[in-house]
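Here's the letter readout for the chains.
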Amino acid sequence: MQRTATLLTLLSCALAANIPTRRIAPGVHIPMVGIGTWQYNSSVTEAAVTSALELGYIAIDTAHDYGNQDGVGRALKKSPLRRESYFVTTKVEGGLSFKDTMKTHAENLNLLGLDYVDLLLVHFPTTMSDPPTGNKTTRQEQWAAMEMLQTTGKTRAIGVSHFCQKQMEDILEMARIKPAVNQVEFHVGMGSAGGNATDDRAFMEAHGITFQSFSPLCGPCPSPDNKALITGKLVTDIGKAVNKTGAQVALRWQVQQGIPVIPKTDNADHLKQNLDLFSFKLSEQQMQTLTVTTTPVAAGGGGDGTSGDCPLP
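Keep in mind the model is a prediction, meaning the values are calculated, not measured.

A. Fine view of the state of the cysteines. Counting across every chain of the model gives 2 disulfides. With its sulfur 2.1 Å from that of its partner, C164 forms a disulfide with C310. Looking along the S-S bond of the C164-C310 disulfide, the torsion reads about -80 degrees, which is the left-handed sense. Here C164, found in the loop between β7 (158-161) and α6 (165-172), pairs with C310, found in the segment after α13 (284-292); they are 146 residues apart in sequence, far enough to count as distant. According to the relative accessible area criterion, C164 is buried, its value standing at 1%. Between the sulfur of C218 and that of C221 lies a disulfide, 1.7 Å long from S to S. Classification of the bridge connecting C218 and C221 rests on its S-S torsion, roughly -80 degrees, and on that basis the disulfide is left-handed. Residue classification places C218 among the buried residues on the basis of a relative accessible area of 0%. Look at the chain and number its bonded cysteines as they come in the sequence; the links are 1-4, 2-3.

Now the structure itself:
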């Protein structure tokens, strides 16, 4: 049993060594591909993360409101990997007070069975309630708590998700620690879209904030767009030219630009394919073709081609 665990550790480390990383904060480097867990229950999450770790994944993305961090925790506990060899991202809800932010992350760590995470994000500029509540004052109070969590060792880096320029400016105005990451919806079809779709990607990159993609294959998009980046003609035609799948092409388009991705799947074959993004390169013409296409559009705004994030208070 011990020999098997040792071999698994060596195999996973060898595979993980082939995953490039990007510096997001001093001493903190995020893997360019990880596994997402949104909408998975705890048992599916446990199985998917267990399989992913065995295949060589080292980055896992979850959140307090996903309700599946215990599944991530069980998968990590079973893994022979050392804590410093994998990268865990989780989130706290937006719009929380200083006290509730601290409390929520304590719950995160308890569910994950960890002493710290590698990246902690404020999940939304406001609450996710309808109507949403939150403003500059609440964002700044919550960011002060995030900074406290980093300085006390409960997370190695801090960032946000779904933030546009005006919300980010509220943070930058008072931050002692700049947000390391803004995690937003981004995929092929949005390469030439404006700030209301990309949550002001250009602003984030100009300020040295890493732009990370969730839903990189447009999974939440309405049919048929939810399959366009997997089996659609554009990506599969390019895939034939480089001997890869359509999904691999769509994901490679992002990582080749330096954008970390967190595709979600519990299918073993797809997990393997999503990890194999660094054995090939798209040509300049292929990259440009993927960049200028205007479909599928952002899904977050409910079909109007925007993320729905920028009008939030």
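Having put the structure on the table, let's press on.
B. Examining the side chain of T90 more closely. Along the chain, T90 turns up in strand β5 (residues 87-92). At a separation of 2.6 Å, a polar atom in the side chain of T90 contacts the side chain of Q69. Once residues within four sequence positions are removed from consideration, T90 is found in contact with T62, A63, H64, Q69, H105, N108, L112, V117, L119, L120 and L121.

The rules behind these values
Residues numbered from 1 in each chain as written. Predicted model: local features only at pLDDT ≥ 70, side-chain atom pairs only at ≥ 80, totals over all residues. Heavy atoms only, no water. Disulfide = S-S within 2.5 Å. Helix = DSSP H or I, 4+ residues; strand = E, 2+ residues; numbered from the N terminus. Buried < 20%, exposed > 50% of the residue type's maximum accessible area, 1.4 Å probe, protein only. Polar contact = N/O pair within 3.5 Å; in protein donor to acceptor, adjacent residues only side chain to side chain. Contact = heavy atoms within 4.5 Å.

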